[in-house]
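What follows is each chain in one-letter form.
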Amino acid sequence: MSASGGTRAIVAALGANLAIAASKFVAFAFSGSSSMLAEGVHSLADSGNQFLLLVGGKKAQREATPQHPFGYGRERYIYAFLVSIVLFSVGGMFAIYEGYEKIRHPHELEHWYWPVGVLVFAILAEGFSFRTAIRESNELRGKLSWSQFIRRAKAPELPVVLLEDFGALIGLVLALGGVGLALLTGDGVWDGIGTVCIGVLLVLIALVLAAETKSLLLGESAGLEEVRKIEAAVVDGHTVTGIIHMRTLHLGPEELLVAAKIAVQHDDTAGEVAAAINAAEARIREAVPIARVIYLEPDIYSETEAARGADPEATPGGPTPRAAGH
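Note that the structure is predicted; figures quoted are calculated from it, not measured.

**Topic: helix α6 (residues 157-185)**
- The end-to-end C-alpha distance of α6 is 42 Å, a good match for the 42 Å that 29 residues give at a rise of 1.5 Å each.
- Two residues or fewer after α6 comes G186, characterised by a positive phi angle close to 70°.

Quick look at the structure:
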């Protein structure tokens, strides 16, 4: 995923949300609408979220150190996870609380034209931000559906901005509905109900973001297409005759670790095996440029061991490993 494309979407969303947040707080000050207050806090939280994404992208560019030999690529995942926490706590829970209080103690809206005008402006501004995120995402998602793109994307920025903008647009419609019903009926309870709906929406989006970024933090493998390219690149048919097993892991959105045990001929010399490994690494990097860290271990292929299948107790995170030969 293009980091520049994600940055463009973040900057567009940040600018739109700062302007929208200011206008919503002004509308709340004049009208007393709880929907406006909730939406103002929502936009302020979104602005903070986009700032967190920019900070995460900057920190992820630091060079590797002896203490962190694989670099800081996962900083982007950490800050994206913080976004989900901010959206849940500051945005969602505050809106639910404010809506509950407004339902308990409703009051008539004053200067109704302020919230209505601001909501129309906010829908236009959020629409511009959402359009930018869609355009940047379309360059990367290919034939994937939007849900597949959000689930499979290894870079968190565009999915986060997409979900935030989508939720913001729905929230604005809910706020407009709550304000409109409050004006039509003269009952401020509808404004509170709209506010609660906004809060529930934000909590749901935050939970989706948390689930996706948690998966990235735990460590995801390369996509199926990338795995197929790596497998095709490793085997040369001469010295490297096959792959005994292979693991891939994203160290960051644009950094991939590849570790594989490869089958070589039993009568190959050490020099031939070393040359074959170097050539395989070069082919992998050419086929999948984000494969930055590659470890290839040569071994003699055994049909007997292969027939037994993978040993689940020897996998990371499983039971105590036991020795296994090939």
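**Quick look at the pattern of salt bridges**
- Considering all chains together, one arrives at nine salt bridges under this definition.
- Measuring nitrogen to oxygen at the nearest pair gives 3.7 Å for the salt bridge that ties E101 to R104. Pair noted here: E101 and R104 are both in helix α3 (residues 75-104), with a separation of three residues, about one helical turn.
- We note a salt bridge from D191 to K102, for which the minimum N-O separation is 2.8 Å. Placement of D191 in helix α7 (residues 189-218) and of K102 in helix α3 is noted, with a sequence separation of 89 residues between them.
- One connected set of salt bridges, linked through shared partners, spans R76, E157 and E254.

**Description of the confidence of the model for the protein chain**
- Per-residue pLDDT for the protein chain averages 83, and the proportion of residues at 70 or more is 90%.
- By mean pLDDT, helix α10 (residues 303-308) is the weakest element of the protein chain at 64, and helix α9 (residues 270-287) is the strongest at 93.
- Across residues 1-5, confidence stays below pLDDT 50; counting only partners more than four residues off in sequence or on other chains, it has 12 contacts.
- With pLDDT under 50 throughout, residues 320-326 is counted as low confidence; its partners more than four residues away or in other chains account for 12 contacts.

**Things to note about the packing of helix α2 (residues 34-59) against α6**
- Put simply, α2 and α6 touch, their axes get as near as 10 Å, and they point 170° apart. One element, α2, and the other, α6, form an angle in the roughly antiparallel class. Taking contact as the criterion, the partners of S35, E39, H42, D46, N49, Q50 and L53 in α2 are, on α6, E157, V160, V161, E164, G167, A168, G171, L172, A175 and V179.

**Thoughts on the side chain of K154**
- Within the element layout of this structure, K154 appears in the loop between α5 (146-152) and α6.
- Exposure remark for K154: the relative accessible area of 17% places this residue in the buried category.
- If we ignore the near neighbours within four places in the chain, the residues touching K154 are Y77, L216, E220, S221, H250 and P253.

**Brief notes about empty space enclosed by the protein**
- Taken as a whole and judged by the stated rule, the model has one cavity of 30 Å³ or more.
- There is about 70 Å³ of room inside the largest cavity.
- Those elements that place two or more of their residues in the lining of the largest cavity are α6 and α7.
- Take the lining of the largest cavity: its biggest share by element is four residues, from α7.
- Broken down by class, the residue content of the lining of the largest cavity amounts to nine nonpolar, one polar and one charged.

**Concerning the packing of aromatic side chains**
- Summed over the entire model, instances satisfying the criterion amount to three aromatic pairs.
- Ring plane angle 40° and centroid distance 6.3 Å describe the contact between F130 and F166, whose orientation is recorded as tilted. Residue F130 is located in helix α4 (residues 113-141), and its partner F166 is located in helix α6; the two are separated by 36 residues in the primary sequence.
- On the basis of an interplanar angle of 90° and a centroid distance of 6.2 Å, the ring pair of W146 and F149 is categorised as edge-to-face. Of this pair, W146 and F149 both sit in helix α5, three residues apart, which is roughly one turn of that helix.
- For W146, a relative accessible area of 31% gives the class partly exposed.
- Over the ring of Y72 we find R62, and its NZ or CZ is 3.9 Å from the ring centre.

**Here's the deal with the layout of surface pockets**
- Approximately 910 Å³ is the volume attributed to the largest pocket.
- Of all the secondary-structure elements, those providing two or more residues to the lining of the largest pocket are α4, α5 and α8 (224-234).
- In terms of residue count, α8 provides more of the lining of the largest pocket than any other element does, five residues in total.
- When its residues are assigned to classes, the lining of the largest pocket shows 13 nonpolar, four polar and 11 charged.

**Overview of the packing of α8 against α9**
- At a closest axis distance of 8 Å, the pairing of α8 and α9 adopts a crossing angle of 150°. One element, α8, and the other, α9, form an angle in the roughly antiparallel class. Taken as a pair, α8 and α9 cross one another with a handedness that is right-handed. Here α8 contributes K229, I230, A233 and V234 to the contact with α9, which in turn contributes A280, R283, I284 and A287.

Calculation rules
Residues numbered from 1 in each chain as written. Predicted model: local features only at pLDDT ≥ 70, side-chain atom pairs only at ≥ 80, totals over all residues. Heavy atoms only, no water. Helix = DSSP H or I, 4+ residues; strand = E, 2+ residues; numbered from the N terminus. Expected span 1.5 Å × (residues − 1). Salt bridge = Lys/Arg side-chain N within 4 Å of Asp/Glu carboxyl O. pLDDT = per-residue confidence, 0-100. Contact = heavy atoms within 4.5 Å. Axes fitted to C-alpha atoms, helices over the stretch in contact; angles between N-to-C directions. Parallel < 35°, antiparallel > 145°, perpendicular 65-115°, else oblique. Buried < 20%, exposed > 50% of the residue type's maximum accessible area, 1.4 Å probe, protein only. 1 Å grid on protein atoms, 1.4 Å probe; cavity = no way out; pocket = protein on both sides within 12 Å on 5 of 7 lines; lining within 4 Å. Points joined across faces, edges and corners; volume = space filled by probe spheres on them. Nonpolar A, V, L, I, M, F, W, Y, C, P; charged D, E, K, R; others polar. Phe/Tyr/Trp six-rings, centres within 6.5 Å; stacked < 30°, edge-to-face > 60°. Lys NZ or Arg CZ within 6 Å of the ring centre and 35° of its normal. Left-handed = near helix turned anticlockwise from the far one by under 90°.

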